[in-house]
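Now for the letters of each chain:
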Amino acid sequence: MSEDTVRTAFPELDTIEDDDLRARVVDAWTTAIAENEIDDLTTIPWLPPTQRELGLRNEFLVDHVRDVTACAVALAETLLERRALPLSLDTVIAGALVHDVSKLAEFNGMDETAVYGLLGHPYYGVHVVTRADLPIELAHIVLAHTSRTAVEPATIEAELVRRADEVAAAAIRSRATDDLRTV
């Protein structure tokens, strides 16, 4: 799968101002796609175990990553406007875009792989981000975006991506219930 496929799937890449950072995010995705023999990025499910449990078959990873990116950017822009925080919007966008790259290795269609079962989410993603020579701040975002690790967000950028991911996942779960406390 080509760089054009990744750029088409994630038009938010164009909002990353740093050309090198943008290219490395694309590289992370194209590497994960090649290593996991993905034929169509747009058909990768969001989170198969949860989708099965909730009967939500038509939720896809690309849509989720784009939702997380949009939510994280909205939060970051609000804080930049209201608090003048020293945060990097490029780091927020890039981090949101790669936060779930490990799911390409964690699932084969709707089935869990050994990566999911033995390593869990998001360790393969840290590997991919590191191999793409992305900054350590992005590896931290990948590692800290989920409660499946003991790593808590240490930067505002990581916190924004984690919260955006939680809200985007809640939006998906809300399709199955009127009370998010039940799922």
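In what follows, the accompanying structure is described. These numbers come from a predicted model, not from an experiment.

Considering unusual backbone geometry
- Omega for the bond connecting H121 with P122 falls within 30 degrees of zero, at 15 degrees, which places this linkage in the cis form.
- Its location among the elements puts P122 in the loop between α7 (114-119) and α8 (123-131).
- Phi is positive for E37, close to 50 degrees, though the residue is something other than glycine.
- Note that E37 resides in the loop between α2 (19-35) and α3 (48-54).
- Judged by its relative accessible area of 68%, E37 falls in the exposed class.
- Positive phi outside glycine occurs at D133, with the angle close to 60 degrees.
- Its place among the elements puts D133 in the loop between α8 and α9 (136-144).

Details of the nonpolar core
- Counting 47 residues, the largest nonpolar core has F10, V25, W29, L41, L104 and L134 as its most contacted members.
- Of all elements in the fold, only α1 (3-9), α2, α4 (61-83), α5 (89-98), α6 (103-106), α8, α9 and α10 (156-173) reach the threshold of two or more residues within this core.
- Excluding its chain neighbours within four sequence positions, the residues that come into contact with W29 are V6, F10, L41, L61, V65, L97, V98, D100, V101 and L104.
- Of all hydrophobic cores here, the second largest spans eight residues; its members include L54, L56, Y116 and A169.

Regarding the environment of L13
- Here L13 lies in the loop between α1 and α2.
- Classification of L13 as buried rests on a relative accessible area of 2%.
- Sequence separation of L13 and E152 is 139 residues, and the distance between their C-alpha atoms is 26 Å.
- When neighbours within four sequence positions are excluded, L13 is seen to be in contact with V6, R7, R22, V25, V26 and L97.

Considerations on the packing of α4 against α5
- Contact geometry for α4 and α5: axes closest at 8 Å, N-to-C directions at 160 degrees. By the criterion of interaxial angle, the relationship of α4 to α5 is roughly antiparallel. Of the two possible hands of crossing, α4 and α5 adopt the one that is right-handed. Judged by residue contacts, V65, V68, T69, A72, V73, A76 and E77 of α4 engage L89, V92, I93, A96 and L97 from α5.
- Of the residues that constitute the contact of α4 with α5, the class distribution is ten nonpolar, one polar and one charged.

Brief notes about the layout of surface pockets
- Empty space within the largest pocket amounts to approximately 340 Å³.
- Lining the largest pocket are 18 residues, with L47, H121, T146, D165 and A169 sitting closest to its centre.
- Every element with two or more residues in the lining of the largest pocket is listed here: α3 and α10.
- Here the lining of the largest pocket is composed, by residue class, of four nonpolar, six polar and eight charged.
- Around the second largest pocket, the lining comprises 13 residues; the ones closest to its centre are I38, I44, F107, N108 and G109.
- Of all the secondary structure elements, the ones that give two or more residues to the lining of the second largest pocket are α6 and β1 (107-108).
- In the lining of the second largest pocket, the residues fall into six nonpolar, five polar and two charged.

Considerations on the packing of α2 against α5
- Across the interface, α2 lies against α5 with an axial gap of 10 Å and an inter-helix angle of 5 degrees. By the angle class used here, α2 and α5 are roughly parallel. Counting all contacts with α2, which are made through L21, V25, A28 and W29, the residues of α5 involved are D90, A94, L97 and V98.
- Of the residues assigned to the contact of α2 with α5, the class counts are seven nonpolar, no polar and one charged.

Reading the values: the criteria
- Per chain, the residues get numbers from 1 upward, laid out in the order the sequence is written.
- Predicted model: local features are reported for residues with pLDDT of at least 70 only, side-chain atom pairs are reported and counted for 80 or more only, and whole-chain, interface and lining totals are derived from all residues.
- To get the side-chain values, all heavy atoms of the structure are used, and hydrogens and water are removed first.
- Numbering of helices and strands runs from the N terminus, with a helix taken as a DSSP run of H or I at least four residues long and a strand as a DSSP run of E at least two residues long.
- Three labels apply to residues, based on accessible area from a 1.4 Å probe with only protein chains included: buried if under 20% of the type maximum, exposed if over 50%, partly exposed otherwise in between.
- Nine residue types can take part in a nonpolar core, namely buried Ala, Val, Leu, Ile, Met, Phe, Trp, Tyr and Cys, and a core is a set of them joined through side-chain atoms within 4.5 Å.
- Contacts are assigned to residue pairs that have any heavy atoms within 4.5 Å of one another.
- As a rule, the C-alpha atoms of each element are fitted with a line to give its axis, helices using only the stretch in contact, and angles between N-to-C directions run from 0 to 180 degrees.
- Working definition: roughly parallel below 35 degrees, roughly antiparallel above 145 degrees, roughly perpendicular at 65 to 115 degrees, and oblique for all remaining angles.
- We call a crossing left-handed when the near helix sits turned anticlockwise from the far one by less than a right angle, and right-handed when that turn is clockwise.
- Residues are grouped as follows: nonpolar covers Ala, Val, Leu, Ile, Met, Phe, Trp, Tyr, Cys and Pro; charged covers Asp, Glu, Lys and Arg; every other residue, Gly included, is treated as polar.
- Only protein atoms enter the 1 Å grid, on which a cavity is a set of points fitting a 1.4 Å probe that cannot get out and a pocket is an open set with protein on both sides within 12 Å along at least 5 of 7 lines, lining residues being those with an atom within 4 Å of a point.
- Grid points are joined across faces, edges and corners, and a volume is the space filled by probe spheres set on the points.

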